[in-house]
Amino acid sequence: MAETHSLQDMRQQAAIAAKVFIQRDYTNGTVCQFQTKFPSELETRIDKQQFEETVRTLNNLYAEAEKLGGSSYLEGCLACLTAYTIFLCMETHYEKVLKKIAKFIQEQNDKIYAPRGLLLTDPIERGLRVVEVTIFEDRSLGR
Amino acid sequence: MNNCEYQQIDPQALSTPTPTPTLPPRPAVEEERTRRKWEVFPGKNRFYCDGRFIVAQQSGVLPLTLGLILVTTVLFFVFDCPFLVKHLTVFIPAIGGVLFVFVVTSLLQTSFTDPGILPRATPDEAAYIEKQIDDSGSSTYRPPPRTKEVMINQQVVKLKYCFTCKMFRPPRTSHCSLCDNCVERFDHHCPWVGNCVGKRNYRFFYSFIVSLSFLTAFIFGCVATHLALRAQGGRGLIFALQESPASAVELVICFFSVWSILGLSGFHTYLVASNLTTNEDIKGSWSGKSGAEDPGNPYSYNNIITNCCSVLCGPMPPSLIDRRGFVPVEESLQTVSTEMELPMLAAKKEINVVGGPMPSQLPPLLCLAGSLPSTCNPPQPD
């Protein structure tokens, strides 16, 4: 909790210089994937490789959530047989992966982005449309 | 009825986005209870049980649908089953019961589940997209409908810009004018069910119409058998109908519904097998037009079983609107000050405001973070 406290402090103390929105990549259909193209606004703040690695890991996690495979079919069929009432008591596979993604983003923010004055917002808070990267002004971090 | 806790702010003072107009009420806001996101939801939906259930603004003919199903099934159990159990088998009410449970559960889930509503773009996001569009084109006047082309599985697909939600719609997403929301994998707005049918509740809808067609056909068959058995021994159909008038009612209801429901089930089975939506099928998005080579559906897996499995048994996507989450206090203040500018710039009646009996846009926006009726949102005046 101490880490999130420092992030929130930073948000309150530092002024937001800009926000960059990483859009969705639809080349493979409607699966949730984000563009790995490095935005020009972040050039001065973070390493291109680092950023692309983050987005790629996110994309892999979302692919895992939406994977059509044995376990998801089993979950689907079981749900159908119980007239979908198991969704009331069971957490779906997707929700489990979303929790993993939330943890991953938190981790990335703490280790990599916060020290550089950046903040990643979990895409689920933006309707899985964009990855919002908030760029804070440099002066408050004494860089 | 609307007791606004914010002062009425002069619209002219809003041209500069300074936070000073909101500073005086700030202490009042912290004492107010935190609001859940469903209470400030911009679409035309109604919420029950503190945001747990979501329905369209007009329930359509959902009560009629439920009523017809209940009445027919109850009549069946009361008037036909005793006779059939005595003369045939006890499995008849058992099968009827199971089918009835399936029908009602899937109907309620279709009606009360979020169909895959996309939350509207935040002001920052909308501004970023606007900037990107203006960078590529002229910004002296509002250009014609904005589209963006993307390549999906080696096929060009046009994404349209939604002026209400202020974003480029993802593929297969459509804006429902009745609910005033963009819905992912939009199939259609079903008045019988009182909700849109989209990505998240399509499987419930499909299971509803399939189980309903089984139920209707089953009841029709059983009632026909019942009347045939009663009419045996030369007594005639009229005599049978006089003995069991309820069966006549059931027969009529089932006869008229079974064709349409069976037809609908067949149609949706075809859609599921080819991974299409009703919207795409009606518009002919992927059928070969103007003699050009058939582009084909880029979302199809070209395998009927895979298509069926992905649509019906795929992973259940989460609800993106987070109805029961709490509205962050600082963000609600920020959005109040920034949203006030948007109606003046856009000058369009798009921003649908929750609650507020006044048709003008600004005063209800000021009251947005104030108190709103806590019960279901009243129907919009227009």
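Rules of the game
Residues numbered from 1 in each chain as written. Chains lettered and ligands numbered in written order. Predicted model: local features only at pLDDT ≥ 70, side-chain atom pairs only at ≥ 80, totals over all residues. Heavy atoms only, no water. UniProt positions renumbered as here; feature names shortened; annotations may be inferred. Helix = DSSP H or I, 4+ residues; strand = E, 2+ residues; numbered from the N terminus. Buried < 20%, exposed > 50% of the residue type's maximum accessible area, 1.4 Å probe, protein only. Contact = heavy atoms within 4.5 Å. Areas by Shrake-Rupley, 256 points an atom, 1.4 Å probe, with all protein chains shown as cover. Pairing = 2+ DSSP bridges. Axes fitted to C-alpha atoms, helices over the stretch in contact; angles between N-to-C directions. Lys, Arg positive; Asp, Glu negative; His and termini not counted. Salt bridge = Lys/Arg side-chain N within 4 Å of Asp/Glu carboxyl O.

As annotated in an unreviewed UniProt entry, chain B is Palmitoyltransferase from Salmo salar. Here is the UniProt Catalytic activity (unreviewed entry) comment for chain B, exactly as written: "L-cysteinyl-[protein] + hexadecanoyl-CoA = S-hexadecanoyl-L-cysteinyl-[protein] + CoA". Turning to chain B, the UniProt record has this under Subcellular location (unreviewed entry): "Membrane".

Per an unreviewed UniProt entry, chain A goes by Golgin subfamily A member 7 and derives from Salmo salar. Reading the Sequence similarities (unreviewed entry) entry of the UniProt record for chain A gives the comment "Belongs to the ERF4 family."

What follows is about the overall build of chain B. Summing up its helical and strand segments, chain B has twelve helices and ten strands in all. Buried residues in chain B amount to 49% of all 382 residues. Sequence separation of at least 24 residues holds for 67% of the intrachain contacts in chain B that already meet a minimum separation of 6. Looking at chain B as shown, the accessible area adds up to about 18800 Å², and 64% of this sits on carbon and sulfur atoms.

Turning our attention to the UniProt feature "domain: Palmitoyltransferase DHHC" (unreviewed entry) in chain B. With numbering aligned to this structure, UniProt lists the feature "domain: Palmitoyltransferase DHHC" (unreviewed entry) at residues 158-283 of chain B. For the annotated span residues 158-283 of chain B, helix accounts for 56% and strand for 15% of the residues, and the straight-line distance between the end C-alpha atoms is 14 Å.

Here the focus is the sheet that holds strand 5 (residues 155-162) of chain B. Here we have three strands laid out as an open sheet, ordered 4-5-6 (chain B), and antiparallel in their pairing. Unpaired on one side and paired on the other, strand 4 (147-152) and strand 6 (167-168) of chain B mark the two borders of the sheet.

Turning our attention to the sheet that holds strand 1 (residues 16-22) of chain A. Note: strands within a sheet are paired through backbone hydrogen bonds, in either parallel or antiparallel orientation. Residues and elements named next belong to chain A. A sheet is described by the order of its strands in space; here three strands give the open sequence 1-3-2, paired in antiparallel fashion. Here the strands that pair on one side only, and so sit at the sheet edges, are strand 1 and strand 2 (118-121). Neighbour-to-neighbour, the strand axes of this sheet turn through a mean angle of 20 degrees, independent of strand direction. As defined by bridge partners, strand 2 adjoins strand 3 (residues 131-136) across four bridges and the pair is classed as antiparallel. By the bridge assignment for strand 3, Leu-119 is matched with Thr-134.

Bringing the UniProt feature "transmembrane region" (unreviewed entry) in chain B into the picture now. Residues and elements named next belong to chain B. Under the UniProt annotation, the feature "transmembrane region" (unreviewed entry) is placed at residues 61-79, 91-108, 204-229 and 249-273. Secondary structure content for residues 61-79 is 95% helix and 0% strand, and the end C-alpha separation is 27 Å. Secondary structure across residues 91-108 comprises 100% helix and 0% strand; the distance between its end C-alpha atoms is 26 Å.

Relative to the assigned elements, Arg-169 of chain B resides in the loop between strand 6 and strand 7 (174-176). Salt bridges are absent for the buried Arg-169 of chain B, whose nearest opposite-charge side chain, Asp-180 of chain B, sits at 9.2 Å.

All names here are of chain B. Positionally, Phe-186 belongs in the loop between strand 8 (181-183) and strand 9 (188-190). For Phe-186, a relative accessible area of 9% puts it in the buried group. In sequence terms Phe-186 and Ala-121 are 65 residues apart; their C-alpha atoms lie 18 Å from each other. If near-sequence neighbours (up to four positions away) are discounted, Phe-186 is found in contact with Arg-172, Ser-174, Cys-176, Cys-196, Val-197, Gly-198, Thr-277 and Asn-279.

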